[in-house]
Amino acid sequence: MEEPSFKDLLQLVAMNSGPLESAVELDRSSSLESAKFAAGADVLVKEGYGTFVEAFGQEVMPHVRLNAPVTKISYGASGVSVETATKERFKGRKVLVTVSTGVLASGKIAFEPALPADKREAIAGLPMGLLNKVILEFSTADVFPEDDGAALDNTWVLYGGDLGSREDDMAFVFRPMDTNTAIGFFGGDRAWELEKQPGRGKDAMTKLAVTAMSAMCKCDAGKALVKSRTTAWGSESWTHGAYSAALPGKSAMRGVLAKPVAHQVYFAGEACYNATYNGSFAAAYNSAIQASYTLLRCLKREDGGAPCK
Ligand SMILES: Cc1cc2nc3c(=O)[nH]c(=O)nc-3n(C[C@H](O)[C@H](O)[C@H](O)COP(=O)(O)OP(=O)(O)OC[C@H]3O[C@@H](n4cnc5c(N)ncnc54)[C@H](O)[C@@H]3O)c2cc1C
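Description of the structure in this document. Please read all numbers here as calculations on a predicted model, not as lab measurements. (Residues numbered from 1 in each chain as written. Predicted model: local features only at pLDDT ≥ 70, side-chain atom pairs only at ≥ 80, totals over all residues. Heavy atoms only, no water.)

**Here we look at the packing of aromatic side chains**
Logical step 1: As enumerated under the stated definition, the model contains 12 aromatic pairs in all.
Logical step 2: Judged by centre distance (6.0 Å) and plane angle (35 degrees), the rings of Phe 52 and Phe 56 are tilted. Of this pair, Phe 52 and Phe 56 both sit in helix 3 (residues 49-56), 4 residues apart, which is roughly one turn of the helix.
Logical step 3: By relative accessible area, which is 31% here, Phe 52 ends up partly exposed.
Logical step 4: An angle of 70 degrees between the planes, with centres 5.9 Å apart, marks the rings of Phe 56 and Tyr 285 as edge-to-face. Within this pair, whereas Phe 56 is found in helix 3, its partner Tyr 285 is found in helix 9 (residues 281-303), the two being separated by 229 residues in sequence.
Logical step 5: Among the aromatic side chains, those forming a connected cluster through ring pairs are Tyr 49, Phe 52, Phe 56, Phe 281 and Tyr 285. (Phe/Tyr/Trp six-rings, centres within 6.5 Å; stacked < 30°, edge-to-face > 60°. Helix = DSSP H or I, 4+ residues; strand = E, 2+ residues; numbered from the N terminus. Buried < 20%, exposed > 50% of the residue type's maximum accessible area, 1.4 Å probe, protein only.)

Take a look at the structure:
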């Protein structure tokens, strides 16, 4: 087969720097953020990320209420009041909001008074992108492609398929943690299209990924497929997407989103951190540490009779 020219591969390269990285199309993605982003190899947790979060937060788990969506946050002279869907009310001096910009933009949480205009602009400037995974388990390692005889385990591999079409463009990570598993990725508009298909796109995503695997291994990967699982972060009501992606010119909005309102409503989460780690666990973690310290400092000052800065 004739080697494709760089021009033939441009669409795939664009796909990799846009939808498969920042989870949105390039024309809706801040180039400043792409330039600053610290890309690197992913560390996978065999038991699943939730297990890690639970273990990490073991100490606070007894105080965590699951399945209790907050519907209203009121703040003012009498303090902060947080109301849940079951009409439970929690009162305090401060609140730290860590929901995604997708949830904030959805209006599922009513703020009273409404959040200031700059905060609303920040939420609008940092919409959620979409990156979905299809995880394929195979009965044999024979289906995994090699590059000049070398295994591609844990390498980010782009698949272009029909180079004239973007419909089958995707990325893969093969044999993570030494398993006969392939993780396929769909990003941006293509991910939204697929997720809208029946079963939140499970069959469509699986079919595309198996076809790609078959083309790469020059074998019938479908025959060795044991099972597949797919994510559907776009229709996940707790996130409304995968992670935030700054619109062109809106990277600085991350700092605006992170600013507390009236020294009462604090914000943290991946969207609140700078572009180095945007859309990542590291961003969520760092912003939470920052916001928590700011909040605690403010409480301390108030306790000492001083205003918060
Ligand atoms: C396909 C995919 C691949 C990814 N790959 C990587 C990767 O390789 N490396 C990496 O570091 N990151 C990766 N990420 C991103 C990472 O998962 C996120 O950046 C991180 O989870 C964001 O954490 P967060 O705490 O800001 O938000 P979330 O994890 O969204 O936490 C917000 C919490 O708020 C809760 N919530 C929502 N609404 C309400 C409400 N009304 N009331 C109360 N609680 C509510 C949610 O249930 C959730 O628990 C990936 C994400 C996706 C989707």
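This is not the end of the story, as more comes after the structure.
**What to know about the state of the cysteines**
Logical step 1: Counted under the stated rule, the structure contains 2 disulfides.
Logical step 2: In this model, Cys 217 is linked to Cys 219 through a disulfide, with the two sulfur atoms separated by 1.9 Å. One disulfide, between Cys 217 and Cys 219, carries an S-S torsion of -90 degrees and so falls in the left-handed class.
Logical step 3: Relative accessible area serves as the criterion here: at 28%, Cys 219 is assigned to the partly exposed category.
Logical step 4: The disulfide that involves Cys 298 links it to Cys 308, with 1.8 Å between the sulfurs. Negative torsions about the S-S bond denote left-handed disulfides, and the value of about 95 degrees found for Cys 298 with Cys 308 makes this one right-handed. With Cys 298 in helix 9 and Cys 308 in the segment after helix 9, this pair connects stretches of sequence that are 10 residues apart.
Logical step 5: Residue Cys 298 is classed as buried on the basis of its relative accessible area of 4%.
Logical step 6: Classification of Cys 308 as buried rests on a relative accessible area of 14%.
Logical step 7: Look at the protein and number its bonded cysteines as they come in the sequence; the links are 1-2, 3-4.
Logical step 8: For Cys 272, which is in no disulfide, the shortest distance to another cysteine sulfur is to Cys 298 and amounts to 17 Å.
Logical step 9: A relative accessible area of 8% places Cys 272 in the buried class. (Disulfide = S-S within 2.5 Å.)

**Points about the sheet that holds strand 2 (residues 79-84)**
Logical step 1: The 4 strands are arranged 3-2-1-5 in an open sheet whose pairing can be described as mixed. Looking at which strands have only one partner, the edges of the open sheet turn out to be strand 3 (89-92) and strand 5 (110-112). Ignoring strand direction, the axes of neighbouring strands in this sheet form an average angle of 15 degrees. (Pairing = 2+ DSSP bridges. Axes fitted to C-alpha atoms, helices over the stretch in contact; angles between N-to-C directions.)

**Looking at unusual backbone geometry**
Logical step 1: Here the amide bond leading from Glu 112 into Pro 113 is cis, since omega sits at 0 degrees, within 30 degrees of zero.
Logical step 2: As for its position among the elements, Pro 113 is in the loop between strand 5 and helix 5 (117-125).
Logical step 3: Phi at Met 177 is positive, roughly 50 degrees, even though this residue is not glycine.
Logical step 4: Structurally, Met 177 can be placed in the loop between strand 11 (170-174) and strand 12 (181-187).
Logical step 5: Although it is not a glycine, His 240 sits at a positive phi angle of roughly 60 degrees.
Logical step 6: Take His 240: it is sitting in the loop between strand 13 (225-230) and strand 14 (243-244).
Logical step 7: With relative accessibility at 26%, the residue His 240 sits in the partly exposed group.

**Here we look at the side chain of Asn 278**
Logical step 1: Within the secondary structure, Asn 278 is located in the loop between strand 15 (265-267) and helix 9.
Logical step 2: Accessibility expressed as a relative area gives 10% for Asn 278, which makes it buried.
Logical step 3: Engagement of the side chain of Asn 278 in a polar contact is seen with the side chain of Glu 33, the distance being 3.5 Å.
Logical step 4: Those residues within four positions of Asn 278 in sequence are excluded, and the remaining contacts are Glu 33, Phe 37, Ser 244 and Arg 254. (Polar contact = N/O pair within 3.5 Å; in protein donor to acceptor, adjacent residues only side chain to side chain. Contact = heavy atoms within 4.5 Å.)

**Here's the deal with the site of the ligand**
Logical step 1: Taken together, 20 residues surround the ligand, and among them Val 70, Gly 269, Glu 270, Gly 279 and Phe 281 come closest.
Logical step 2: Glu 270 places a main-chain nitrogen or oxygen 2.7 Å from an oxygen atom of the ligand.
Logical step 3: Ser 280 places a polar main-chain atom, nitrogen or oxygen, 3.4 Å from an oxygen atom of the ligand.
Logical step 4: Calculation on the ligand without its partners gives an accessible area of 1000 Å², and the protein chains cover 69% of this total.
Logical step 5: Elements represented by at least two residues in the shell around the ligand include exactly strand 7 (131-138) and helix 9.
Logical step 6: A class-by-class count of the residues in the shell around the ligand yields 12 nonpolar, 5 polar and 3 charged.
Logical step 7: Two domains each put at least three residues into the shell around the ligand: domain 1 (6-46 + 131-235) and domain 2 (65-127 + 241-303). (Near = heavy atom within 4 Å. Areas by Shrake-Rupley, 256 points an atom, 1.4 Å probe, with all protein chains shown as cover. Nonpolar A, V, L, I, M, F, W, Y, C, P; charged D, E, K, R; others polar. Domains from an automatic or database assignment.)

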